[in-house]
Amino acid sequence: MAFVITRRCVKCGACESECPHRAIVEEEKQFRIDYRKCMQCGNCIDICPNKAIDEV
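So, here is what we can say about the structure in this document. (Residues numbered from 1 in each chain as written. Predicted model: local features only at pLDDT ≥ 70, side-chain atom pairs only at ≥ 80, totals over all residues. Heavy atoms only, no water.)

Quick notes on the side chain of Asp34
Defined as follows: Working definition: helices are DSSP H or I runs of at least four residues, strands are E runs of at least two. Numbering for both runs from the N terminus. Whether a residue is buried, partly exposed or exposed follows from its accessible area with a 1.4 Å probe, protein chains only, as a fraction of its type maximum: under 20%, in between, or over 50%, in that order. Polar contacts here mean pairs of N or O atoms no more than 3.5 Å apart (in protein, one a potential hydrogen donor and the other a potential acceptor; neighbouring residues in sequence count only if both atoms are side-chain atoms).
Looking at where Asp34 falls in the secondary structure, it is placed in the loop between β3 (31-33) and α2 (43-47). Asp34 sits in the buried class, given a relative accessible area of 7%. In this structure the side chain of Asp34 is engaged in a polar contact, spanning 3.0 Å, whose partner is the backbone nitrogen of Arg36.

What follows is the structure, encoded as structure tokens:
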């Protein structure tokens, strides 16, 4: 299971602060997930108010 941050991301930062492995990286238009650091805990999905993170 992997996660992807979609275009629904509004850069609120909720996922970044919730990630215990610091796998959420801020980019110019939205955040992205660093797959090398992501341990697939799902905290980011649970906290995202815009439902911008999907499992793929």
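Points about the pattern of salt bridges
To keep things clear, this is the line we draw: Basic side-chain nitrogens of Lys or Arg form a salt bridge, by our definition, when they fall within 4 Å of a carboxyl oxygen of Asp or Glu.
Within this structure, the stated rule accounts for 4 salt bridges. In this structure, Asp54 and Arg8 form a salt bridge, with 3.1 Å as the shortest nitrogen-oxygen distance. Of this pair, Asp54 sits in strand β4 (residues 53-55) while Arg8 sits in the loop between β1 (3-5) and α1 (14-18), placing them 46 residues apart in sequence. Take Asp54: its relative accessible area is 29%, and that puts it in the partly exposed class. You can call Arg8 partly exposed: its relative accessible area is 40%. Its salt-bridge partner being Asp34, residue Arg36 comes within 3.2 Å of it at the nearest N-O pair.

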